[in-house]
Each structure stands twice: as structure tokens, then as C-alpha cells.
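# Secondary and tertiary structure notes
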Amino acid sequence: MDYNINANIDPATRLLTGAAKITYHNNSPDELNTIVVRLYHDVFKEGSSRRSSVNPEDIGNGTEISSLSVEEEEVDLNGDQVSRSGTNMYIRLSEPLAPESSVELEIMWHYTIPNTLRRTGVYDSTSYHVAYWYPQISVYDDIFGWDTMNYTILSEFYNNLANYDVTLTMPENFNIWATGMLQNPEEVFQDDILEKYKQAKTSEEVVHVITEDDLQNYKNKSGTWHYVAEEVSDFAFSVSDHYQWDAINQKVEDRNVLISTVFPKGQAQAYSKVTDYQKKTMKHFSEDMPGVAYPYPAFTTFIGLRGGGMEFPMMANNAGPGLGVTVHEMFHTYFPMYVRINERRFAAMDEGWAQYITQLVINKYFVESEDPNYVGLATGGGTMGTIEDLPLITSTQFMDQTNYGYASYSLPGFFYAMLHDYLGDEMFQKAYSEYINRWAQKSPTPYDFIFTMEDVTGEDLTWLFKPWFFNYGNADLAITDLKGNEITVENKGTRPVPLKLDVYYNDGSTKTYTKKADVWKNDKKYTITIDNAKEVNYALVSLGVPDESQKNNISPSMEKIYKSVGPDMKVSGEYMIDQVPLAMFIEEENGKLKIRVPRGGVNSWLIPVSDSEFKSLDGFISIEFIKEGDEFTAANISAQGQVFTAKRK
């Protein structure tokens, strides 16, 4: 596909007016009688189906088409040849489009950039990230035909491979960062900015291309920006008249890649590490894991969200300077951009990988964690084993907010980590990089992933894939016997997981024993011989590993541990977490304590370490309660490498 687009934005009204010439190449073996065009902003039309609330001011006419022609023949927008439904426009062709032939469309349209900030939208009055903004030809593939799923704000994406030639015009005091490479920097930038921009393209140190001082009375030579991007799956851009810009070069093979961080004026200190984070991340992605060279000439992180992050080709729209979100969104370059995953149906095939590889890269190259790679990605919690715990093959369209995050992020992330643990570093690296290279710029299904893994490894992996991808079931390991220096663990579930046994000794030391998931291929029980059995305080299985029933994970029993430690049960109550708007409930049940953070997906028993210190039984959380006088008034919380504080209500 080829897009040639010209667009103007009026910052006073946020009205985007565009004209596009689109060439669609029919690479399928089928004759096509219809072309399906996505008009994403029709989600803001009155009466449209939405799975997220929007600013009422944004509800209106959606994408307004002012003209449409096919092969230079003007089409009556109110005639029988065109129909619109949901966020799609259907164009019936006067003659079928034969295989290996092309059709040219010309479309003029306009819409108002929404105040609603969901992946795209207005960050402040003169800063916004603009995505899903042009009439986009949908995907026709050999599995589902035309993709006609509607955009609901929460739904994901599935795009064609395309070339973009885009010209964007705004007033001269605005800057525009976009997918692709800027073709006319000499025409846009004043000489001092141009010099720093050129310097950044080869510099191994961060260059402050636009500083806070530069923004005083800032004005470019021209407000017309020309970007070109080749063989990408989408095109997005960000604009602002008061954002600073840091940039650096990363060498990938024999290419220079321009890395940028763009953030609000006056916040240079807060975002001082992000550019280096990106550079280091890109290096390890390209050279180590997944070990596939970053495929594009640039990457820009724009700070324009209130929470989380969102990926686009060569860009991310993030909420903050965190390492996790920076790594996660850059990884999406590989999935679903370079390997064009159908996220609308198979979100686990990109979000799951992003979840796992983010943790792997951070643990290995940023914090040097000694935990097994699979620890802490998913616990199961209240979802494991329920009707909402769907096989990983399940199409994402059938999920909702109760299980989407679990089924698309944490659980598949754990599965990929478990696969890595089983195969070992060398074989996993070989199989995973081959999967990416084999399916680059194509759209694999879960079956293609499975077949590739088995083909490269030469193994029949049915024992692992079938229970997790195709069957309902659960993971549930239990300590069933502790005699002398032998601990017996039983697999009471139907899904294999690695065996991870943590032994806690009376002197405060710990020792971890592990076995790969194939320990359960032929047996339901496994006995581990431990050291210093007489000095054991307690043993815990599946710490940081998905498990349906936590109570049988510990020996001696929770009751004995509570009796031995004697924690102060007055820590129970409701606490408000300071850093995020979440309530944490510490509740007593049958003489033991539980932690619940309903909106954070936390629900676990607490193991006492002292009278006021606890660990969650799932291994994710450590808490120290703070006492003032006779009352506990606050708590310090450590969760998956992040530190929080909370005050008691």
C-alpha cells in the first residue's frame, strides 16, 4: 500500500483537514469487489458503540468525508456505492479488483482532534498526539478476509504494510515529530536548531536539540513538515509549541538510528534518563534479546498521556519517564509492528511478548536480578481456574475488562518465560529470533508460532502448548509432605508450571530450588532434598508463579507460622496508596491476614515476617506497617521493584 497525504491542523480549533491519495495493491489470490476503509474517529459519532467513556464535547460527526474518487471517478457519498457502519466505510468497486492489480483512491476529509486522551488526543491546549487520523485501508488476509471489526477505543489494531509520504502543516511556532524521517529539516529549522539536529543523528551523547531557553519566542523557518516512512504498519505524529527535545544516535549494524525524547518545557530533570534508557534498550534488543536488529531509522518517545503508554511505528506516546514503560513500548516495534500481529484477535501474541521481554531485559541489563525469568509475571489470583481463565488461543474479541489484561499481558508473558526456561537460553534465542525473522512483515497466528517453535527446536511441545493454549484448566502446585530433609510437591492442576521451592531458615537466610516445567510430563509428584532441614522455618512453593490455590503452597501451615511469629493483627484496615489512586485493604480472616487492592488486581494472603512486616503469599508484595503510639497509621510497600507509601483511613 502507498499513502500520499497532505494535512493541515488549525491549533485554535484542533481541526485536522486532510487529502490522501491511496494506492491499494491486491496481493491476495482473490478478486475483491469491495474496499473497506477504517474511519477510526467515527467512534466519536453520536450513537457509536464505545467501550470507554469519552469527553462529551468530542461527540459529534466523527470523520467527515468531503470527497471520494476511485480511479479518478468521483463517487457519490450518498449513493449505493458507499456505505458506513460503525467505524468502517465500505466502497463497492464498479469492477472487481483482480489479483496482482491495484486501485487508486483519493479522499478528502476533516475531523476535530478529540480532547479525550485515550492513546491519542489532547495532552494540553497546544500539545497532542495524533493517531488513527487518516482514512486507512483495512486488512484483507487469507484467514479472515476483510477485517471489519469496529474500533471501540479499547480495541487493538491490525494493519497493512505500507509506505507513507506525508506533509503536515501547522503554524511556525509548532514542532512535529512523526513516524518516519523528516525530509526537509533545512527548510523547517532555524540554523542553530538544525545544527543540533544534525549533530544528534551521529552523536553518542545526548544532544539537547530544543531546550527550555530555545522555546523563548520559538519560531521555525517553515510550518510545513515532510515525513517519509517505508514499509511500516501505520503513521502517527505528535505536535507541541512548548516541548523540549533530547536526541541521540544508536548504531544498529551499519546504520544510524535517531532516538528522541520529547517532553514538556521545564521538565528536563524528570526526563533526563529516558533517552539513555532508549539507547541502551535498543542496543540490547538488537544484539541480545530478541537479537534481531531494530528495523527502522528512528524512534521517538513523546510524553503525552496521563497513564501508561501506547506504541506506534517508530514512536511511543507515554505518560512518564519510567524504565518499564519505556522498554515495553519500544519493544512493540517488533510485535505488532515488524511482525504484524492481528492484535484484535491475538493480543497475547504481542502484549504477552512485550510483558516478558520487558522484564527479561530490565532484569538482565538494568537491575541484574537473580530470580528466574518467569517469576512475578503472573500469579493467577482470582482468575486462574475460573470460566474467565480462557485458553491462550482464544480470540481477544471475546474478552472484556475482567480478563483482558490477565489473558493478553501477564499470563502469556509467563508462558513465554516458562518456554524460555524449558528450552534454555541458546535454543530459545535461536527459535525466537527465527520466529521473528521468518514472520517479519507478515501476520502469524498462534498456530504459526507453535509450528515455528517445534520446527526450530525439533521437539514435540504438545505437552506444554496444549494445556495452556487449547484447554481450560489451572495451575496448582501443593506441598504435600515435609519429612526430614525431603519436601514433596504435588501438581494438583492440569497446566504444567516450573517447580520453584523457596526454603526460609530460622536465621533469616533463604535457598531456592527449581525444576523446569517438564518435571510434570510423566509424574504428578516430585520430591526435593533440601539442606539444613532442622533449621527450616517454613517452605513455600510457586512464589511468583501462577497458582490457583495459595493456601496449600506453604509448609508448615499458615496457622503455625502466625502462631510462631505472633504478628500484630491491628494492622488490619483500609489504606490509601499515595502514588496512585488505589485503596488497599488489609483484612483478617480466620486468624490470618489478606491483602486486597480491588482496582489493582491484588488479592493474596500475607505471611508474617515480624509483628509488623509481611510478605504476600504470591511473592509480589512486601509491606512494613508504621506505628504511631498505639495505632498503625501508614505502610511502606514494595511491589515488583516499585516502592509505594500508604496512609490508613
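Residues numbered from 1 in each chain as written. Predicted model: local features only at pLDDT ≥ 70, side-chain atom pairs only at ≥ 80, totals over all residues. Heavy atoms only, no water.

## So, helix H2 (residues 191-200)
Residues of H2 that are buried include every one of Ile 193, Leu 194, Lys 196, Tyr 197 and Ala 200, and no others. The buried residues of H2 occupy an angular sector of 165° when projected down its axis, which confines them to one face. Of the residues in H2, the exposed ones pointing more than 90 degrees away from the buried face are Asp 191 and Glu 195. In this fold, the buried residues of H2 make contact with strand E16 (181-182), helix H1 (185-188), strand E17 (207-210), strand E20 (243-252) and strand E21 (255-264). (Buried < 20%, exposed > 50% of the residue type's maximum accessible area, 1.4 Å probe, protein only. Helix = DSSP H or I, 4+ residues; strand = E, 2+ residues; numbered from the N terminus. Arc of directions from axis to C-beta. Contact = heavy atoms within 4.5 Å.)

## So, the domain arrangement of the protein
One can read the domain layout of the protein as domain 1 (1-184 + 224-237), domain 2 (187-221 + 242-339), domain 3 (361-470), domain 4 (477-556) and domain 5 (573-648). One C-alpha centre belongs to domain 2, the other to domain 4; they are set 45 Å apart. (Domains from an automatic or database assignment.)

## Observations regarding a negative patch on the surface
Residues Glu 71, Glu 72, Glu 73 and Glu 106 make up a contiguous surface patch of negative charge. Examined against the element boundaries, Glu 106 turns out to sit in strand E8 (residues 102-112). Using a relative accessible area of 30% as the deciding quantity, one classes Glu 106 as partly exposed. (Patch = residues over 30% accessible without salt bridge, like charges linked within 9 Å, V, L, I, M, F, W, Y side chains within 5 Å. Areas by Shrake-Rupley, 256 points an atom, 1.4 Å probe, with all protein chains shown as cover. Salt bridge = Lys/Arg side-chain N within 4 Å of Asp/Glu carboxyl O. Lys, Arg positive; Asp, Glu negative; His and termini not counted. Charge placed at Lys NZ, Arg CZ, Asp CG, Glu CD.)

## Some thoughts on helix H12 (residues 558-565)
Of all the residues in H12, the buried ones are Met 558, Ile 561 and Tyr 562. Down the axis of H12, the buried side of the element spans an arc of 100°, and every buried residue falls inside it. Turned more than 90 degrees away from the buried face of H12 sit Lys 560, Lys 563 and Ser 564, all of them exposed. Against the buried residues of H12 lie strand E30 (536-541), strand E31 (554-555), strand E34 (592-597), strand E35 (602-608) and strand E36 (613-616). Looking at the residues trailing H12, positive phi occurs at Gly 566, about 65°.

## A word on the sheet that holds strand E37 (residues 621-628)
With respect to topology, 8 strands assemble into a closed barrel ordered E32-E33-E34-E35-E36-E37-E38-E39, the strand pairing being antiparallel. Geometrically, the sheet is characterised by an average inter-axis angle of 30° between neighbouring strands, direction not taken into account. Note: E36 against E37, 3 bridges, orientation antiparallel. Of the residues in E37, the one forming a bridge with Phe 614 is Ile 623. Across the face of the sheet, H12 comes into contact with E34, E35 and E36 while running at roughly 50° to E35. (Pairing = 2+ DSSP bridges. Axes fitted to C-alpha atoms, helices over the stretch in contact; angles between N-to-C directions.)

## Some points on the layout of surface pockets
Taken as a whole, the second largest pocket encloses approximately 540 Å³ of empty space. Surrounding the second largest pocket, 28 residues form its lining, Val 139, Tyr 140, Asp 141, Asn 160 and Arg 340 being those nearest its centre. Elements represented by at least two residues in the lining of the second largest pocket include exactly strand E2 (15-25), strand E12 (140-141) and strand E14 (162-169). Residue composition of the lining of the second largest pocket, grouped by class: 12 nonpolar, 10 polar and 6 charged. (1 Å grid on protein atoms, 1.4 Å probe; cavity = no way out; pocket = protein on both sides within 12 Å on 5 of 7 lines; lining within 4 Å. Points joined across faces, edges and corners; volume = space filled by probe spheres on them. Nonpolar A, V, L, I, M, F, W, Y, C, P; charged D, E, K, R; others polar.)

## Overview of the sheet that holds E17
Strand order in the open sheet made by the 6 strands is E17-E20-E21-E22-E24-E23, with mixed pairing throughout. Taken across any chain shown, the strands that pair with only one partner, and hence form the sheet edges, are E17 and strand E23 (309-312). Averaged over all pairs of adjacent strands, the angle between their axes in this sheet comes to 20°, without regard to strand direction. Bridge count between E20 and E21: 10 bridges; the pairing is antiparallel. The residue bridging Gln 244 from the neighbouring strand is Phe 263, located in E21. Set on the sheet, H2 makes contact with E17, E20 and E21; between it and E17 the angle comes to about 140°.

## Brief notes about the packing of aromatic side chains
The final tally for this structure, using the stated rule, is 61 aromatic pairs. Taken together, a centroid distance of 4.5 Å and an interplanar angle of 15° make the contact between Tyr 132 and Phe 157 stacked. Highlighted residues: Tyr 132 in the loop between strand E10 (127-130) and strand E11 (136-137) and Phe 157 in the loop between strand E13 (145-146) and E14, separated in sequence by 25 residues. We classify Phe 157 as buried; its relative accessible area is 6%. The cationic tip of Arg 306 hangs over the ring face of Tyr 123; the distance from NZ or CZ to the ring centre is 4.4 Å. Of note, Arg 345 hangs over the ring of Phe 144, and the distance from its end group to the ring centre comes to 3.6 Å. (Phe/Tyr/Trp six-rings, centres within 6.5 Å; stacked < 30°, edge-to-face > 60°. Lys NZ or Arg CZ within 6 Å of the ring centre and 35° of its normal.)

## A short note on a nonpolar patch on the surface
On the surface, a nonpolar cluster with roughly 320 Å² of combined accessible area is contributed by Tyr 447, Phe 451 and Phe 470. Tracing the chain through its elements places Tyr 447 in helix H10 (residues 446-457).

## Concerning the side chain of Asp 246
The topology assignment puts Asp 246 in strand E20. Of the side chains with opposite charge, Lys 196 comes closest to the buried, unpaired Asp 246, at an N-O distance of 8.7 Å. In this structure the side chain of Asp 246 is engaged in a polar contact, spanning 2.8 Å, whose partner is the side chain of His 208. Setting aside its immediate chain neighbours within four residues, Asp 246 contacts Val 206, Val 207, His 208, Ile 259, Ser 260, Thr 261, Phe 263 and Thr 275. (Polar contact = N/O pair within 3.5 Å; in protein donor to acceptor, adjacent residues only side chain to side chain.)

## Considering the pattern of salt bridges
Here the structure, examined in full by the defined rule, presents 21 salt bridges. Linking Lys 198 and Glu 186 is a salt bridge whose minimum nitrogen-to-oxygen distance equals 3.5 Å. Of the two residues, Lys 198 sits in helix H2 while Glu 186 sits in helix H1, which places them 12 residues apart along the sequence. A salt bridge links Asp 455 to Arg 438; its shortest N-O distance comes to 3.0 Å. Linking Asp 455 in helix H10 with Arg 438 in helix H9 (residues 425-439), this pair joins segments that are 17 residues apart in sequence. One salt-bridge network, in which partners are shared between bridges, spans Arg 38, Asp 147 and Arg 344.

## Here's the deal with the environment of Tyr 435
Among the structural elements, Tyr 435 can be located in helix H9. In this structure, the C-alpha to C-alpha distance between Tyr 435 and Asp 448, residues 13 residues apart in sequence, is 8.8 Å. When neighbours within four sequence positions are excluded, Tyr 435 is seen to be in contact with Phe 335, Ile 341, Met 349, Trp 353, Pro 444, Phe 449, Thr 452 and Met 453.

## What about the pairing of E37?
Linking E36 back to E37 in an antiparallel pair, the connection comprises 4 residues, with Gly 619 at a positive phi of about 85°. By the bridge criterion, 8 bridges tie E37 to strand E38 (residues 631-639) in an arrangement that is antiparallel. The partner of Phe 625 across the bridge, within E38, is Ala 635. Linking two consecutive strands that pair antiparallel, namely E37 and E38, is a turn of 2 residues; a positive phi of about 70° is found at Gly 629 within it.

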